[in-house]
Amino acid sequence: MVARLLIQMWEVRCGGVPRPERDTIAMGLGLSAIRLDSTLNLVIVLVLTLLAIIAVPFLWERWRRKVLGRSGTILVAVVLVVVSAGMGGNMIGGFFPTVGALFGTGVYSGESVDAVAGQNGSDLDKLRDAGAMRAKEGKGSVVHMTVTGKRTGLTRDVSVYFPPQYYDPAFRSLKFPVIEWIPNYPSGPEVVTGPYELPAKLDAAIAKHVLPPTLVIIPDPTGKPKVGHDTECIDEVNGTANDTYLTADIRDWAIEKLGANPQRKAWTMAGWSSGGYCAMNLVTRHPQWYGQAASVSGYYKASVDAETENLFKGRQDIVDANTVTVNLQKHPSPVDILAIAGDKESFESFSIDQIQAAVRAPATLSSWRIPDAGHNMNTFKAQVPDVLAWIGARTVPPCAPQDKKIITNGGVTPWPLPNTGAKGALVDVVE
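What counts, and where the lines are drawn
Residues numbered from 1 in each chain as written. Predicted model: local features only at pLDDT ≥ 70, side-chain atom pairs only at ≥ 80, totals over all residues. Heavy atoms only, no water. Helix = DSSP H or I, 4+ residues; strand = E, 2+ residues; numbered from the N terminus. Buried < 20%, exposed > 50% of the residue type's maximum accessible area, 1.4 Å probe, protein only. Contact = heavy atoms within 4.5 Å. Areas by Shrake-Rupley, 256 points an atom, 1.4 Å probe, with all protein chains shown as cover. Disulfide = S-S within 2.5 Å. Phe/Tyr/Trp six-rings, centres within 6.5 Å; stacked < 30°, edge-to-face > 60°. Lys NZ or Arg CZ within 6 Å of the ring centre and 35° of its normal. Core = buried A, V, L, I, M, F, W, Y, C linked by side-chain atoms within 4.5 Å. Pairing = 2+ DSSP bridges. Right-handed = clockwise from strand over helix to strand, strands pointing away. Salt bridge = Lys/Arg side-chain N within 4 Å of Asp/Glu carboxyl O. pLDDT = per-residue confidence, 0-100. Polar contact = N/O pair within 3.5 Å; in protein donor to acceptor, adjacent residues only side chain to side chain.

Take the overall build of the chain next. A count of helical and extended segments in the chain gives 15 helices and nine strands. When the 431 residues of the chain are sorted by exposure, 55% land in the buried category. Excluding contacts between residues fewer than 6 apart, the proportion of contacts in the chain whose partners are at least 24 apart in sequence is 76%. When the accessible area of the chain is evaluated, it comes to approximately 19100 Å², of which 61% is carbon and sulfur surface.

Below you can see the structure in the form of structure tokens.
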């Protein structure tokens with residue numbers, strides 16, 4: 001009886017996932033149950049590491065004639081040292097909440113997702129009753145799905161936060177504003193709904209009327225594999241059209257499927273670290289679609305390091321086109337930017353100085369520096385309420401659909417974008 005009840009609960013949670021897919025989902029759930037952001041798990045691993053290190057000299061003489069025993073003891077100690085160091089760094093950076101997230105199973109832990117929908121949100125209507133029940137408690141709903149871009153053909157994980165009002169009949173005919181929240185590398189949507197604790201902060205901000213009821217779309221900016229595959233949200237030269245997917249594809253899908261408001265002032269991009277750079281870069285590249293960008297610990301140009309793919313392949317014009325300061329100087333547009341950095345984050349603070357020097361009217365920049373413990377998630381999480389308040393003061397509330405003849409881009413003309421040669425990549429796009 002208990003097993004049958006659990007199966008029924010999972011069927012509701014998955015929005016009626018066909019049985020052939022359930023075994024794969026169950027495997028993913030197993031990995032997603034192993035927490036990498038648990039202090040208890042880290043302490044256990046540290047204790048095991050200490051014991052393994054002690055065991056090496058303790059057993060060295062005893063196993064002097066047992067080469068495999070000596071080698072195995074050393075190997076176990078080294079592996080545990082690496083694992084404990086990795087878990088410690090992961091907890092500071094908040095990259096992967098679970099083993100499933102690390103290996104990219106596409107299945108997220110139960111506490112961070114309320115339901116799983118079909119591809120492109122094909123069965124979202126079936127989840128309305130469950131969403132309405134949560135809405136009665138003043139809670140939004142987080143739904144995970146995969147979305148395939150019409151321009152790029154890319155299929156990636158996307159989680160969506162639906163505010164409580166989304167399920168209120170009084171709001172059903174209204175178009176909702178959107179925050180597109182870009183996860184930091186190498187994370188995916190699960191880090192935003194899990195360690196970021198963003199859904200609870202959204203519930204609180206909306207309840208306090210600091211933020212209007214807002215859809216929050218959290219796309220995977222990287223794809224799989226993640227490690228060693230840092231895309232910086234850029235349309236790679238002769239490579240993957242990440243920018244196009246995150247802007248044109250996600251925006252068109254949200255307007256068509258979710259009832260998102262198409263007005264540019266209704267669209268904000270936000271993120272921390274690489275997600276902050278992505279937000280500022282994509283908004284200044286596509287001002288005809290976005291009105292605001294909010295960055296915490298972001299930077300003004302793409303990061304190039306051992307984790308970054310060869311994004312530009314020597315094309316300086318593509319480098320310039322993805323540099324926030326260059327966009328602001330050469331293509332000023334009516335976008336509002338928020339840039340926050342910790343006072344110990346030297347490059348991020350330097351980036352604010354560079355952006356401040358580059359900004360030109362009609363663009364505006366709000367910025368502040370905060371006491372911090374370095375470039376880590378605790379620094380970021382403390383700023384989320386203020387970020388949501390800043391967005392709430394600038395975005396538009398849910399409103400009735402506008403006449404199609406009304407220009408939704410606010411009269412902002414897109415500036416000519418260089419051709420990267422990526423499939424589906426944006427060149428010159430008009431609204």
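Now that the structure has been shown, we can carry on.
With an omega of 5 degrees, the peptide bond running from Tyr185 to Pro186 counts as cis. Position of Pro186 among the secondary structure elements: in the loop between strand S4 (178-182) and helix H7 (189-193). Residue Pro362 is reached from Ala361 by a cis peptide bond, and omega for that bond is 15 degrees. Mapped onto the elements of the fold, Pro362 is located in the loop between helix H13 (346-358) and strand S9 (364-370). Phi is positive for Ser297, close to 60 degrees, though the residue is something other than glycine. You can see Ser297 is positioned in the loop between strand S7 (292-296) and helix H11 (316-321). Backbone geometry at Lys313 places phi at a positive 50 degrees, although glycine is not the residue there. Counting through the fold element by element, Lys313 comes out in the loop between S7 and H11. By relative accessible area, Lys313 is classed as partly exposed at 42%.

A few words on the state of the cysteines. Evaluation of the coordinates by the stated rule reveals one disulfide. With a sulfur-sulfur separation of 2.1 Å, Cys233 is cross-linked through a disulfide to Cys278. Measuring the twist about the S-S bond at about 90 degrees, one finds the Cys233-Cys278 disulfide to be right-handed. Pair noted here: Cys233 is in the loop between strand S5 (215-219) and helix H9 (242-258) and Cys278 is in helix H10 (residues 274-285), with a separation of 45 residues, a long-range link. Residue classification places Cys278 among the buried positions, given a relative accessible area of 2%.

Right, let's talk about the packing of aromatic side chains for a bit. Throughout the structure, instances matching the rule amount to 11 aromatic pairs. Aromatic pair Phe162 and Tyr167: ring centres 6.2 Å apart, planes at 55 degrees, arrangement tilted. Judged by its relative accessible area of 11%, Tyr167 falls in the buried class. The lysine or arginine in question, Arg156, covers the ring of Tyr245, its NZ or CZ lying 5.7 Å from the ring centre.

Ranked by size, the top nonpolar core spans 63 residues in total, and within it Val160, Phe162, Leu215, Ile217, Trp253 and Leu258 carry the most contacts. If you tally residues by element for this core, the top one is H9, at seven residues. Once you skip the residues sitting within four places of it in the chain, Phe162 turns out to touch Leu124, Gly140, Ser141, Val143, Tyr167, Leu215 and Leu258. In terms of nonpolar packing, the next biggest core, distinct from the first, is built from 28 residues, Leu202, Ala205, Val296 and Ile391 among them.

Most of strand S8 (residues 336-342) is tucked away: seven of the seven residues are buried. Burial of S8 is two-sided: the residues Asp336, Leu338, Ile340 and Gly342 facing one way and the residues Ile337, Ala339 and Ala341 facing the other way are all buried. Bridge count between S7 and S8: five bridges; the pairing is parallel. Its bridge partner lying in S8, Ala293 is registered against Ile337. For S8 and S9, the ladder comprises seven bridges, and the chain directions are parallel. If you follow Ala339 over to S9, its bridge partner there is Ser367. Taking the sense of rotation as the criterion, the β-α-β connection linking S8, H13 and S9 turns out right-handed.

The next subject is the pattern of salt bridges. Scanning the model with the defined rule gives 11 salt bridges in all. The partner of Asp336 in a salt bridge is Lys265, and the shortest N-O contact between them spans 3.2 Å. Remark: Lys265 occurs in the loop between H9 and strand S6 (267-272) and Asp336 occurs in strand S8; sequence separation between them is 71 residues. The partly exposed category is assigned to Lys265, whose relative accessible area is 26%. Here Lys344 and Asp343 are joined by a salt bridge, their closest N and O atoms 3.9 Å apart. On the basis of relative accessibility, which here comes to 48%, the residue Asp343 falls in the partly exposed class. Overlapping salt bridges bring together Glu197, Lys201 and Lys381 as one network.

In this model, the chain carries a mean pLDDT of 83, and residues with pLDDT of at least 70 account for 76%. Ignoring residues within four places in sequence, the model shows residues 105-110, a span with pLDDT below 50, making 22 contacts including any to other chains.

Let's shift gears to the environment of Arg285. Tracing the chain through its elements places Arg285 in helix H10. Sequence spacing of Arg285 and Ser333 is 48 residues, and the spatial spacing of their C-alpha atoms is 9.6 Å. When residues no more than four places from it in sequence are discounted, the contact partners of Arg285 are Asp243, Ala321, Asn322, Asn327, Trp415 and Leu417. In terms of polar contacts, Arg285 uses its side chain to reach the side chain of Asp243, at 2.7 Å. Polar contacts involving the side chain of Arg285 include one to the main-chain carbonyl oxygen of Ala321, which spans 2.9 Å.

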